[in-house]
Amino acid sequence: MKKAKKRPAVVQAYRLGDESDVVDGLTAEGEIRLRGDGSFEVFSQEAKGHSGEIAHTGDYIKLDSSGTPYPNSAEFFEENHRHIAREFYEQKSNTVSVWMYGDPMGPEIQYLVEHKHLTFHEDEPDRYFQAPLWDTELSAAKDAVIVFYRIDRDENGKICDVEFNFVAEDEFKKTYELTEQDS
């Protein structure tokens, strides 16, 4: 697998449940919906035309480079961002493993297929990758990148859990850079 590093950046983010004109505006536009159980449905690039990604009060909403919202769990966001002022946060630059269509399918992708229900759809290039993420079925185009945020292994090196997501190709190119480091 390849390694990539998030480019250091200052981002705007909004905590769900806090007062925010931006979240109110996204809600009015239908990009975020409040559900009857108090959770939120967020229509990221990967959730367009489907059910939205489910987020909860206290989770954060960031806007990608196209202005489309996407959720971060409170734990992940607070671990990977430093508050600067108001809605501005410095995003830490962490190295992650990534996989792109055409790369060899290693044990990490096999784990996603067998345990995380990742499927490939050759007949749907705009929805080539599909998997249940954020309490909904997300999809991404064939040129998207699978980003591994966390790969847990047991004492024998066997994969026992993976945290991942899809990142649209244009967003990946704007916010990540591939490194020379191999996994």
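Here's what I pulled together on the structure shown here. (Residues numbered from 1 in each chain as written. Predicted model: local features only at pLDDT ≥ 70, side-chain atom pairs only at ≥ 80, totals over all residues. Heavy atoms only, no water.)

Glancing now at the sheet that holds strand S1 (residues 2-6). The strands making up a sheet associate through backbone hydrogen bonding, with each pair oriented either parallel or antiparallel. On the basis of which strands lie adjacent, the open sheet formed by 5 strands has the order S15-S14-S10-S1-S16 and antiparallel pairing. The outermost strands of the open sheet, each flanked by one partner alone, are strand S15 (159-167) and strand S16 (176-178). For this sheet, the mean angle separating the axes of adjacent strands, direction not counted, is 40°. Of the pairings in the sheet, the one linking S1 to S16 comprises 3 bridges and is antiparallel in character. Bridged to Lys5 within S16 is Glu177. (Pairing = 2+ DSSP bridges. Helix = DSSP H or I, 4+ residues; strand = E, 2+ residues; numbered from the N terminus. Axes fitted to C-alpha atoms, helices over the stretch in contact; angles between N-to-C directions.)

The next thing to look at is a negative patch on the surface. On the surface, a cluster of negative charge is contributed by Asp18, Glu19, Asp21 and Asp24. On the basis of relative accessibility, which here comes to 43%, the residue Asp18 falls in the partly exposed class. (Patch = residues over 30% accessible without salt bridge, like charges linked within 9 Å, V, L, I, M, F, W, Y side chains within 5 Å. Areas by Shrake-Rupley, 256 points an atom, 1.4 Å probe, with all protein chains shown as cover. Salt bridge = Lys/Arg side-chain N within 4 Å of Asp/Glu carboxyl O. Lys, Arg positive; Asp, Glu negative; His and termini not counted. Charge placed at Lys NZ, Arg CZ, Asp CG, Glu CD. Buried < 20%, exposed > 50% of the residue type's maximum accessible area, 1.4 Å probe, protein only.)

Tracing the sequence through the fold places Glu41 in strand S4 (residues 40-42). Those residues within four positions of Glu41 in sequence are excluded, and the remaining contacts are Glu31, Ile32, Arg33, Arg35, Ser51, Gly52, Glu53 and Ile54. Of note is the side chain of Glu41, whose polar atom sits 2.8 Å from the backbone nitrogen of Gly52. (Contact = heavy atoms within 4.5 Å. Polar contact = N/O pair within 3.5 Å; in protein donor to acceptor, adjacent residues only side chain to side chain.)

Turning our attention to the sheet that holds strand S2 (residues 9-15). Overall, antiparallel pairing links the 5 strands, which are arranged S7-S6-S2-S9-S8 in an open sheet. Looking along the sheet, the strands with just one partner apiece sit at the ends: strand S7 (69-72) and strand S8 (81-85). Strand after strand, the sheet turns through a mean of 40° between neighbouring axes, direction not considered. Inspection of the sheet shows S2 paired to strand S6 (residues 60-63) by 3 bridges, in the antiparallel sense. Following the sheet pairing, Ala13 is matched in S6 by Lys62.

A word on the packing of aromatic side chains. Applying the stated rule across the entire model yields 13 aromatic pairs. Look at Tyr60 and Phe77: their rings are 4.0 Å apart centre to centre, the planes differ by 15°, and that puts the pair in the stacked class. Here the residue Tyr60 occupies a position in strand S6, and Phe77 occupies one in helix H2 (residues 74-80), the gap between them amounting to 17 residues. Residue Tyr60 is classed as buried on the basis of its relative accessible area of 7%. Consider the rings of Phe164 and Phe166, whose centres lie 6.0 Å apart with planes at 75°: the pair is edge-to-face. (Phe/Tyr/Trp six-rings, centres within 6.5 Å; stacked < 30°, edge-to-face > 60°.)

Turning to helix H3 (residues 107-115), its buried residues are Glu108, Ile109, Tyr111 and Leu112. Taken around the axis of H3, the buried residues stretch over an arc of 155°, which confines them to a single face. Buried residues in H3 make contact with strand S10 (95-100), strand S11 (119-120), strand S14 (145-153) and S15. (Arc of directions from axis to C-beta.)

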